[in-house]
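Commentary on secondary and tertiary structure
One letter stands for each residue in the lines below.
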Amino acid sequence: MKTIKEIEEEIVDEFSVYDDWMDKYEYIIELGKELPLIDEKYKTDDRLIKGCQSRVWLHAEKEGGEMVFTADSDAIITKGIIGLLIRVLSHQSPEDIARADLGFIKEIGLQEHLSPTRANGLVSMIKQLKMAAIAEVSGK
Amino acid sequence: MSDVFDVYAIRNDFPILSEKVGDKQLVYFDNGATAQKPQIVLDAITAYYSKYNANIHRGVHHLSQVATQAYEDARALIASCLGVSNSNEILFTKGTTDSINLVAFSFGELLKEGDEIIISAMEHHSNIVPWQMLCERKGCVLRVIPMFESGELDIEAYREMLSERTKLVAVTHISNALGTINPVKKMIDWAHSVGAKVLIDAAQSVQHMSVDVKDMDCDFLALSGHKVFGPTGVGILYGKEELLNQMPPYQGGGDMIATVTFEKTTYNTLPHKFEAGTPHIAGGICLGKAFEYIKTLDMGAIQKYESELLEYATGRLLEIEGMRIYGEAKNKTSVISFLIEGTHPYDVGTLLDKMGIAVRTGHHCTQPIMDFYKIPGTIRASFAFYNTKEEVDSMINALNRAVGMLK
């Protein structure tokens, strides 16, 4: 099993071949298609992430010692971005998820999505993913 | 395009228009949110802070007198541009939102339980929420003029809504989300016939057409400086003097008083009664400059040019498969809200941004309009007189590329 750091490095590597923004987004759109989709029955308002211009549903479950995340969005780019986060954080321990600094976001140039004005709610997505992990850690 | 209006010469007045976004030429189509500033306004900001920055209305020293004069000259100029001869009727505020809140609070104090306030289905949140707050405070009743699918108001329904219970009608002159120009003159006449006062939200008007407040005969009119090529953080509230005199002050503080003792304070005269504290002095002066700039332009030619631009852009957008335009009023300004079937506005907006095109996506602070059309939001291209057909072509190319990636 790869560590969070290893997966982040893998993603940075994949993105390093693109120097044009449109190519980067083309790739993010492709990644959106690989997103582990949330079960339709979990697409409820309480799983909707606040602060997004597009709708994002996130579901967290614990399997063994690992957190498993599934999600969906009505916007394709948002799907790609949450797909990247899930690829990094799913199947990791809650402790590691809570500690992850997710530096890869800056490295692949998506930091502008972290600004509080950005409406896709990347900040809210990260918060939700971490909250789910922290809830498991503190629940022990 | 119009021969009398030279858009390329005008563009030289706006330095930001030659900026780049990454390596792409900026195409700025978010004028409904805020407009860009001409050099004359930028120079005025520098001149104020480098030559005569001082507090106004109180200093005996030279700089304070110069600043006070400039601030009051700006008020007089803005008044005359809006067709108002009495400058006391022009209040400086923080913007449209602040202007509306002032009226909702202060005029609101004169209202009582059961009084009715009428707004419309196409209001910006800032012309909805202050009235809801007033209704909660005073037990007034909020009524909403319905809208047709075309994005036009149901004027007959409005007429039937008016009664002696109606105390205030607060409507937008031009819809920021749909571009609809409402028949405000008629609406004001009808409101007056039942004794109601009218507030016009003119946040989207002055930048597109000449507005003559006295001819319109509204009782209040609110606008924002930054949407009319001036600075942010400053705006205007026009109010009829007789009404402003009846209304209690909105905020207490310096500048708005005549005498203060611990037993009783008396208030200053208009316009100062409603301008507590040190105002945005540079903002007011530079908003005056923005109006001075607009005054040099031929508004008739601009309106003609903008409607040609609107028609051109609408035609080109409709070439895109799955295009749906929201807001098809016969009488509209150069604002186009749209969606492309099978794509999300957020995705399209993100990709356009990467191609240098600045549009707005989302609900445009008009969630009830989005609920009306049962959509989460739109992509909105809002033009100013400095935009060109070539820029529209750039947007169309960018849209085609984005749609190709997303579908």
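Position numbers for residues start from 1 in each chain and track the written sequence from start to end. Written order decides the labels, with chains lettered from A and ligands numbered from 1. Since the coordinates come from a predicted model, pLDDT governs what is reported: local features require at least 70, and pairs of side-chain atoms require 80 or more to be given and counted, while whole-chain, interface and lining totals use all residues. Only heavy atoms go into the side-chain values, all of them from the structure, while hydrogens and water stay out.

1. Comments concerning the pairing of strand 2 (residues 66–73) of chain A
Residue and element names in this part refer to chain A. Convention followed: Relative accessible area decides the class of each residue, using a 1.4 Å probe on protein chains only: under 20% of the type maximum gives buried, over 50% gives exposed, and in between gives partly exposed. Only DSSP runs of H or I with at least four residues qualify as helices, and only runs of E with at least two residues qualify as strands; both kinds are numbered from the N terminus onward. We call two strands paired when DSSP finds no fewer than two bridges between them.
Along strand 2, seven of the eight residues are buried, which leaves the element largely enclosed by surrounding structure. As defined by bridge partners, strand 1 (residues 56–63) adjoins strand 2 across eight bridges and the pair is classed as antiparallel. Bridge pairing links E63 to E66 in strand 2. Here strand 1 hands over to strand 2 after two residues, with G64 in that stretch at a positive phi of 60°.

2. Focus on the sheet that holds strand 9 (residues 220–224) of chain B
Residues and elements named next belong to chain B. The criterion, for reference: Each axis is a line fitted through C-alpha atoms, taken for helices only over the stretch in contact, and angles between the N-to-C directions span 0 to 180 degrees.
Here seven strands make up an open sheet; going across it, the order is 4-10-9-8-7-5-6 and the pairing mixed. Each edge of the open sheet carries a strand with a single partner, namely strand 4 (90–93) and strand 6 (141–145). Taken over all neighbouring pairs, the strand axes of this sheet differ in orientation by 20° on average, direction set aside. Here strand 9 pairs with strand 10 (residues 235–239) via five bridges, running antiparallel. The residue of strand 10 that forms the bridge with L221 is Y238.

3. Topic: the confidence of the model for chain B
Heads up, the condition is: Per residue, pLDDT captures the predictor's confidence, and it can take any value from 0 to 100.
Residues at a pLDDT of 70 or more form 99% of chain B, whose mean pLDDT is 96. Predicted complex metrics record ipTM = 0.89 and pTM = 0.94.

4. Description of the packing of helix 2 (residues 21–32) of chain A against helix 3 (residues 76–89) of chain A
Between two packed helices, what matters for the description is the angle formed by their axes and the separation of those axes. Residues and elements named next belong to chain A. Which entries qualify depends on this criterion: Should an angle fall under 35 degrees it is taken as roughly parallel, and over 145 as roughly antiparallel, whereas 65 to 115 is taken as roughly perpendicular and any remaining angle as oblique. Every residue pair with non-hydrogen atoms within 4.5 Å of one another is taken to be in contact. We call Asp, Glu, Lys and Arg charged. Ala, Val, Leu, Ile, Met, Phe, Trp, Tyr, Cys and Pro are nonpolar, and the rest, Gly among them, are polar.
Remark: helix 2 packs on helix 3, axes separated minimally by 7 Å, with the N-to-C direction vectors making an angle of 70°. On the basis of their axis angle, the class for helix 2 and helix 3 is roughly perpendicular. Only I76, I77, K79, G80, I81, L84 and R87 of helix 3 make contact with helix 2, whose side of the interface consists of Y25, I28, I29, L31 and G32. The residue inventory of the contact of helix 2 with helix 3, partitioned by class, reads eight nonpolar, two polar and two charged.

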